[in-house]
Amino acid sequence: MIRRAYVARAAAWLHALGILATGLLLSTASAAQNARPNIIFLLTDDQRDNSLGAMGHPFVKTPHLDALLRNSVRFRNAYAPTPVCSPSRVSYFTGLTERVHGVGFSSSYELTEAQWERTYPALLRRAGYYTGFVGKFGVEYYTFRGGAAAKFDYWWGHDGWTRFLPKDTAGPSTKPYHRAKADIITPIMGEAMSEFLDRAPAGRPFCLSVSFNVPHGSQTSSMHTGYPEWSRMTRPANENPALKGTPFYDTLYRDIGLRIPEETGTAPDRLIPRFILDQDKGRNTTYGYNYDRATNREHHIRYYQTITGLDHVIGGLLADLKRRGLDQNTVILFGSDHGLIMGEYGMGGKELLLDLSAKIPSFIHDPRTPRDQRGRTLDHLVSGIDYTRTMLDYAGVSAPAEMEGRSLRPLVEGNTTGWRDELHLESLFSLRDNPFQEGIRTARWKYIRMYDGVNQFLEKHVDFRGRAPEFELLFDLAADPGERTNLAATEPEVATMAEGDKGGMSAAVRGLRLTRTSVRRVTCLQ
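Everything quoted here is computed from the prediction, not taken from an experiment.

1. As for the sheet that holds strand E10 (residues 376-383)
1) Next: Spatially, E4-E3-E5-E1-E6-E9-E2-E10 is the arrangement adopted by the 8 strands of the open sheet, whose pairing is mixed. Looking at which strands have only one partner, the edges of the open sheet turn out to be strand E4 (154-158) and E10. Here the strands of the sheet are splayed against their neighbours by 15° on average, with no regard to which way each runs.
2) Next: Packing of helix H2 (residues 63-70) onto the sheet brings it into contact with strand E2 (73-79), strand E6 (330-336) and strand E9 (363-365), and relative to E9 it is tilted by some 75°.
3) Next: Sitting on the sheet, helix H7 (residues 185-199) is in contact with strand E3 (130-136), E4 and strand E5 (206-211), with an inclination near 165° to E4.

2. Details of helix H3 (residues 85-94)
1) Next: Counting buried positions along H3 gives 10 out of 10 residues, so the element sits mostly inside the fold.
2) Next: Taken together, the buried positions of H3 are Cys 85, Ser 86, Pro 87, Ser 88, Arg 89, Val 90, Ser 91, Tyr 92, Phe 93 and Thr 94.
3) Next: Gly 95 sits one or two residues past H3 and shows a positive phi near 75°.

3. Focus: the pattern of salt bridges
1) Next: The final tally for this structure, using the stated rule, is 41 salt bridges.
2) Next: Of the charged contacts in the structure, one is a salt bridge between Arg 444 and Asp 476, with a shortest N-O distance of 2.8 Å. Placement of the pair is Arg 444 in the loop between strand E12 (436-442) and strand E13 (445-451) and Asp 476 in strand E14 (residues 471-476), with a sequence separation of 32 residues.
3) Next: Look at Arg 444 and you get partly exposed, because its relative accessible area is 33%.
4) Next: One network of salt bridges, in which partners are shared, links Asp 45, Arg 89, Lys 136 and Asp 337.

4. A few points about the environment of Pro 187
1) Next: In this structure, Pro 187 sits in helix H7.
2) Next: Beyond its immediate sequence surroundings of up to four residues, Pro 187 is in contact with Ala 182 and Val 313.

5. With respect to H2
1) Next: Looking only at H2, the buried set comprises Leu 65, Asp 66, Leu 68 and Leu 69. Taken down its axis, H2 places every buried residue within 165° of arc, on the same side.
2) Next: Against the buried residues of H2 lie E2, helix H10 (293-323), E6 and E9.

6. Focus: the sheet that holds E14
1) Next: Across the sheet, which stays open at both edges, the 4 strands sit in the order E11-E12-E13-E14 with antiparallel pairing between neighbours. Among the strands making up the open sheet, the edge pair consists of strand E11 (422-427) and E14. Within the sheet, the average angular offset between the axes of one strand and its neighbour, ignoring direction, is 15°.
2) Next: Bridge count between E13 and E14: 6 bridges; the pairing is antiparallel. For Arg 449, the partnering residue across the bridge sits in E14 and is Glu 472.

7. Thoughts on unusual backbone geometry
1) Next: Here the residue pair Val 214 and Pro 215 is connected by a cis peptide bond, since its omega of 0° sits within 30 degrees of zero.
2) Next: Of note, Tyr 253 is a non-glycine position whose phi angle comes to about 70°, a positive value.
3) Next: Mapped onto the fold, Tyr 253 is located in the loop between helix H8 (217-221) and helix H9 (283-286).
4) Next: Judged by relative accessible area, Tyr 253 falls into the buried class, the value being 4%.
5) Next: Here the phi dihedral of Tyr 345 falls at roughly 65°; this positive angle occurs in a residue that is not glycine.
6) Next: Locating Tyr 345 in the fold gives a position in the loop between strand E7 (341-342) and strand E8 (348-349).
7) Next: We classify Tyr 345 as buried; its relative accessible area is 6%.

8. Side note on the environment of Leu 477
1) Next: Structurally, Leu 477 is set in the loop between E14 and helix H14 (491-499).
2) Next: C-alpha separation for the pair Leu 477 and Trp 445, spaced 32 residues apart in sequence, amounts to 5.6 Å.
3) Next: In contact with Leu 477, other than residues within four places in its own chain, are Arg 441, Arg 444, Trp 445, Lys 446 and Glu 483.

9. Quick notes on the nonpolar core
1) Next: Counting residues in each nonpolar core, the largest one holds 51 residues, and the members touching the most others are Ile 40, Leu 42, Phe 164, Phe 206, Phe 212 and Phe 363.
2) Next: Sorting the residues of this core by element identifies strand E1 (38-44), H2, E3, E4, H7, E5, H10 and E6 as the ones contributing at least two each.
3) Next: It is H10 that contributes the most residues to this core, 8 residues altogether.
4) Next: Not counting residues up to four positions away in its chain, the partners in contact with Leu 42 are Val 210, Phe 212, Ile 314, Leu 317, Ile 332, Leu 333, Phe 334 and Gly 335.
5) Next: Listed in part, the 44 residues of the second largest apolar core include Val 90, Val 103, Tyr 142 and Phe 144.

10. Things to note about the packing of H7 against H10
1) Next: It is the contact of H7 with H10, at a shortest axis distance of 9 Å, that shows an interaxial angle of 15°. Taken as axis vectors, H7 and H10 run roughly parallel relative to one another. Between H7 and H10 lies a crossing of right-handed hand. Residues Thr 186, Pro 187, Gly 190, Met 193, Ser 194 and Leu 197 of H7 touch H10, and the partners they reach there are Gly 309, Leu 310, Val 313, Leu 317, Asp 320 and Leu 321.
2) Next: Split into classes, the residues belonging to the contact of H7 with H10 amount to 7 nonpolar, 4 polar and 1 charged.

Rules behind the numbers
- Residues numbered from 1 in each chain as written.
- Predicted model: local features only at pLDDT ≥ 70, side-chain atom pairs only at ≥ 80, totals over all residues.
- Heavy atoms only, no water.
- Pairing = 2+ DSSP bridges.
- Helix = DSSP H or I, 4+ residues; strand = E, 2+ residues; numbered from the N terminus.
- Axes fitted to C-alpha atoms, helices over the stretch in contact; angles between N-to-C directions.
- Contact = heavy atoms within 4.5 Å.
- Buried < 20%, exposed > 50% of the residue type's maximum accessible area, 1.4 Å probe, protein only.
- Salt bridge = Lys/Arg side-chain N within 4 Å of Asp/Glu carboxyl O.
- Arc of directions from axis to C-beta.
- Core = buried A, V, L, I, M, F, W, Y, C linked by side-chain atoms within 4.5 Å.
- Parallel < 35°, antiparallel > 145°, perpendicular 65-115°, else oblique.
- Left-handed = near helix turned anticlockwise from the far one by under 90°.
- Nonpolar A, V, L, I, M, F, W, Y, C, P; charged D, E, K, R; others polar.

Structure below.
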């Protein structure tokens with residue numbers, strides 16, 4: 001089976017590698033390190049696509065990221081590996097889809113030491129890179145829990161979910177930040193990035209992974225905890241004296257006539273019916289602030305405030321790189337673990353393969369790229385697992401044979417031919433009555449099929465061969481970019497469109513209905 005084959009291969013590879021191979025890698029790295037760029041991977045939490053000013057957002061202020069984006073290559077059709085926190089982060093580390101690495105909130109598996117040794121931080125470290133991690137580790141289920149810090153040369157991070165003001169509590173996810181000068185979590189991340197750069201050895205390439213906590217709901221809700229219903233954001237965050245007078249978290253966006261989605265507070269089961277997803281079984285309480293119009297508006301204000309605060313800290317990082325003379329040899333990748341539904345469709349949260357939940361803001365900045373190649377926006381289909389191979393490619397490190405995804409470096413450098421024309425999507429999160437989901441996205445179409453989920457699933461539960469889906473969604477993105485009209489319920493129309501679409505529809509619908517995607521995923525490592 002797929003995970004067993006992968007884990008067994010990883011363990012055998014780790015045993016064979018040994019001390020000698022590690023020494024050889026370091027020796028090779030030492031000879032070539034001056035030619036290799038530094039790498040910084042900036043990962044946000046719950047940040048939906050188009051949520052930067054330069055991406056067309058109508059009011060959010062992100063001047064530093066906007067300037068960086070204008071000198072980068074943006075991927076307009078980029079999708080999270082899976083739209084759920086833990087498995088998405090494992091996918092970024094490993095370059096594997098959830099069905100292959102097997103780790104997530106709903107599965108029965110944990111990330112092993114052998115698996116970790118084939119992640120990009122481990123591979124780069126053995127290849128001579130000075131590696132660092134800052135912020136939310138987010139894996140949650142791993143056999144070496146408590147030992148993540150030892151996997152990096154520099155660590156200032158945490159398991160679980162911290163608070164926006166971490167010094168206010170003394171839990172395991174907040175105590176690591178009590179030594180910081182700043183009080184708010186995002187500026188603390190800025191301190192950590194600066195400290196990493198202080199400690200990075202001169203003449204040795206580095207890879208810094210920064211996992212920001214914002215704009216996740218655990219952060220926006222904990223901006224003000226001084227009343228009973230603080231988790232639902234029923235009162236303005238700037239009632240908290242700690243936020244009064246701050247440039248980003250006091251009055252910003254409170255007086256601009258901010259508009260929330262019209263569907264907020266309406267019946268949430270019009271698109272996805274209750275029999276396949278009953279939102280009364282946890283979804284509308286976990287994300288309750290997005291099911292009520294008053295609290296949804298407060299959530300929007302806090303959400304975009306934290307993005308502007310994030311932008312300010314990243315601006316500090318960019319200035320620091322320039323001051324140190326590192327800006328011309330540092331590649332920066334920007335992405336998010338997934339997006340977020342914020343009242344659209346009458347609901348909130350992530351986990352679903354709808355674009356608002358599954359698409360991410362995505363761009364790569366390589367200062368060595370010719371100026372005429374910068375500032376481009378590409379429509380190519382991109383997955384978060386492409387980031388893993390991309391970082392290894394920039395470092396000149398070979399990817400393990402089982403690693404999925406493709407390097408984005410050719411696209412950044414202007415070679416856009418031969419790219420994929422379809423992208424596999426999946427979400428195996430089954431808590432809160434969420435169904436198993438898999439889908440495919442082409443330039444024009446998106447098809448999603450759903451199956452009743454199983455908590456603590458095993459490999460056999462996510463092998464859908466020969467199993468009819470319980471529910472299907474089909475969107476014509478050219479006519480319906482907001483994904484509001486489900487064409488899967490109108491079989492005659494689908495058949496008619498398929499005949500006239502020169503194969504585009506058949507790749508998305510006919511192929512999946514022959515279980516093509518499941519077969520490809522389940523057998524890929526056998």
